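Breakdown of the fold
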Amino acid sequence: MRDLAIGLVWHSAAATNLGVGALTVGNLTLARRAADRCGVRPRFTLIGTREPGPRYVSDPDIEHRTITGRYMIRGYLADIARQDIILDISAGDSFTDIYPDKRFAYMVATKLAVLAAGKPLILSPQTIGPFSRQPHTAIAASICRRATHVYARDALSMDALAKLAPNARATQVIDVAFAMPFTQAPRSESGIHVGLNISGLLMSGGYAGNNQYGLGYDYPELTERLIIALKARPDTRITLIPHVIAPDLPVDDDLAAARKLIARHPGLGLHVPNSPQDAKSFISGLDFLVGARMHATIAAFSAGVPVLPVSYSRKFEGLYDALGYTALVNAKGQSTDAALDTIMTGLDNRHELKAQIDGAKPIIDAGLERYTAGLAAAFAEAQT
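First things first, this report covers the structure right here in the doc. (Residues numbered from 1 in each chain as written. Predicted model: local features only at pLDDT ≥ 70, side-chain atom pairs only at ≥ 80, totals over all residues. Heavy atoms only, no water.)

1. Quick word on the environment of leucine 319
Along the chain, leucine 319 turns up in helix H12 (residues 314–322). Separated by 104 residues in sequence, leucine 319 and leucine 215 place their C-alpha atoms 18 Å apart. Setting aside its immediate chain neighbours within four residues, leucine 319 contacts Asp154, Ile174, Phe178, Met294 and Ile298. (Helix = DSSP H or I, 4+ residues; strand = E, 2+ residues; numbered from the N terminus. Contact = heavy atoms within 4.5 Å.)

Here it is as structure tokens:
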């Protein structure tokens with residue numbers, strides 16, 4: 001069996017944002033599946049940002065690299081030269097010009113270096129855009145046109161790509177986190193176990209602290225009122241589940257926000273995951289999840305748990321619209337009162353939501369299969 005060297009760019013083996021970790025685990029799962037189909041033995045080089053936490057992805061066939069300015073100058077090109085193919089996932093939603101220019105520069109530099117080296121570049125399932133500035137738009141368009149294939153994880157990204165680079169070889173699939181394995185946790189035999197995935201970022205009003213995302217609802221107020229409403233139900237147990245654990249970045253830290261809520265509302269439970277798989281496994285035992293981190297809601301959905309996503313970005317609406325899932329607090333146009341009513345109605349109708357989740361399984365399976373089949377074909381081509 002021939003070895004195939006696969007570079008995984010903008011993936012993470014220890015991200016404190018477990019959503020980025022879920023993308024890594026999911027993409028590894030599907031890449032291994034594709035390699036098995038075409039009879040090659042994958043050898044991975046995982047290239048991502050420096051993370052303070054312990055690694056939860058440490059398989060023996062994976063080498064690890066950290067993206068820094070020094071590495072990009074002295075090590076990245078040499079590592080790329082040793083790869084047969086590159087899968088670049090842009091940390092899920094960072095191939096855009098809405099973030100600072102330094103971040104955009106790193107995002108495009110990794111991709112342009114692969115193209116300059118003549119290596120096949122796969123943009124793994126991710127959000128594409130938005131792009132609204134020059135020269136950012138022109139650079140991004142050139143990358144998409146020259147990539148071996150671009151995989152968008154939702155219809156909104158496909159629309160953005162059609163405007164950005166209409167001739168790009170592109171396919172709409174689905175978020176690779178749906179493929180992340182987990183261990184089924186036991187369900188409660190009495191009462192209703194509700195998980196609350198609280199976003200420290202939204203509790204802070206975004207990085208700018210001033211309702212940065214232009215939300216129609218007041219997230220801190222919604223959270224307080226939701227906890228009070230749930231505690232008023234004697235059959236309901238509440239557990240807070242952080243999905244971004246970032247003590248070095250307090251504005252983004254779900255755990256810090258959860259602890260503040262517990263101080264104000266004694267009796268709330270807390271589960272602090274040590275990996276994306278641990279988070280998904282715990283969530284699988286819930287009766288209902290309310291989540292403001294997209295990959296926490298994906299963990300629930302893909303584990304068959306009724307979930308009420310609280311959106312702050314079009315990536316939520318894009319994903320769940322494609323799945324035909326109607327229970328969602330929209331980022332725009334929903335007041336705090338309306339958002340609370342949406343959540344509580346979803347809780348009461350959770351069995352109907354479960355039916356919607358079950359009905360979406362063929363869509364998820366088809367999206368994962370399109371991507372896996374595409375990878376298998378690209379891996380076979382990369383051998384020649």
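2. A word on the packing of aromatic side chains
For the coordinates displayed, the defined rule picks out ten aromatic pairs. Ring centres of tyrosine 320 and tyrosine 325 lie 5.8 Å apart, and the angle between their planes is 45°; on these two criteria the pair is classed as tilted. Positioned above the aromatic ring of tyrosine 99 is the side chain of arginine 103, whose terminal nitrogen or guanidinium carbon lies 3.8 Å from the ring centre. The ring of phenylalanine 95 has lysine 111 lying over it, and the distance from NZ or CZ to the ring centre is 5.0 Å. (Phe/Tyr/Trp six-rings, centres within 6.5 Å; stacked < 30°, edge-to-face > 60°. Lys NZ or Arg CZ within 6 Å of the ring centre and 35° of its normal.)

3. Here we look at the sheet that holds strand E10 (residues 269–270)
What the five strands build is an open sheet, ordered E10-E9-E8-E11-E12; its pairing is parallel. The two strands at the open ends of the sheet, each matched to only one other strand, are E10 and strand E12 (307–309). Against the sheet, helix H8 (residues 219–231) touches strand E8 (192–197), strand E9 (236–240) and strand E11 (288–291), its axis set at about 170° to E8. (Pairing = 2+ DSSP bridges. Axes fitted to C-alpha atoms, helices over the stretch in contact; angles between N-to-C directions.)

4. Notes on the sheet that holds strand E1 (residues 2–9)
Strand order in the open sheet formed by seven strands is E3-E2-E1-E4-E5-E6-E7, and the pairing between neighbours is parallel. Taken across any chain shown, the strands that pair with only one partner, and hence form the sheet edges, are strand E3 (62–66) and strand E7 (170–172). Mean inter-strand twist for the sheet, computed between neighbouring axes without regard to direction, equals 20°. Bridge count between strand E5 (residues 121–126) and strand E6 (residues 149–152): three bridges; the pairing is parallel. By the bridge assignment for E6, leucine 123 is matched with valine 150. Of the strands in this sheet, E1, strand E2 (40–48), E3, strand E4 (85–88) and E5 are in contact with helix H1 (residues 18–37), which crosses E2 at around 155°.

5. Some details on the side chain of threonine 127
With respect to the helices, strands and loops of the structure, threonine 127 is situated in the loop between E5 and helix H5 (136–146). Among the polar contacts listed, one links the side chain of threonine 127 to the side chain of arginine 153, at a separation of 3.0 Å. Residues in contact with threonine 127, not counting those within four places in the same chain, are Gly92, Asp93, Phe95, Arg153, Asp154, Ser157, Arg314 and Lys315. (Polar contact = N/O pair within 3.5 Å; in protein donor to acceptor, adjacent residues only side chain to side chain.)

6. Considerations on the nonpolar core
By size, the foremost hydrophobic cluster in this structure holds 95 residues, and its most contacted members are Leu196, Tyr217, Phe301 and Phe379. Here phenylalanine 301 is in contact with Phe178, Val307, Tyr320, Leu323, Tyr325, Ile357, Ala360 and Ile364, once residues within four sequence places are set aside. Trp10, Ile67, Phe95 and Leu164 belong to the second-largest nonpolar core, a separate cluster that totals 31 residues. (Core = buried A, V, L, I, M, F, W, Y, C linked by side-chain atoms within 4.5 Å. Buried < 20%, exposed > 50% of the residue type's maximum accessible area, 1.4 Å probe, protein only.)

Scope: geometric values only; no functional claims are made or implied.
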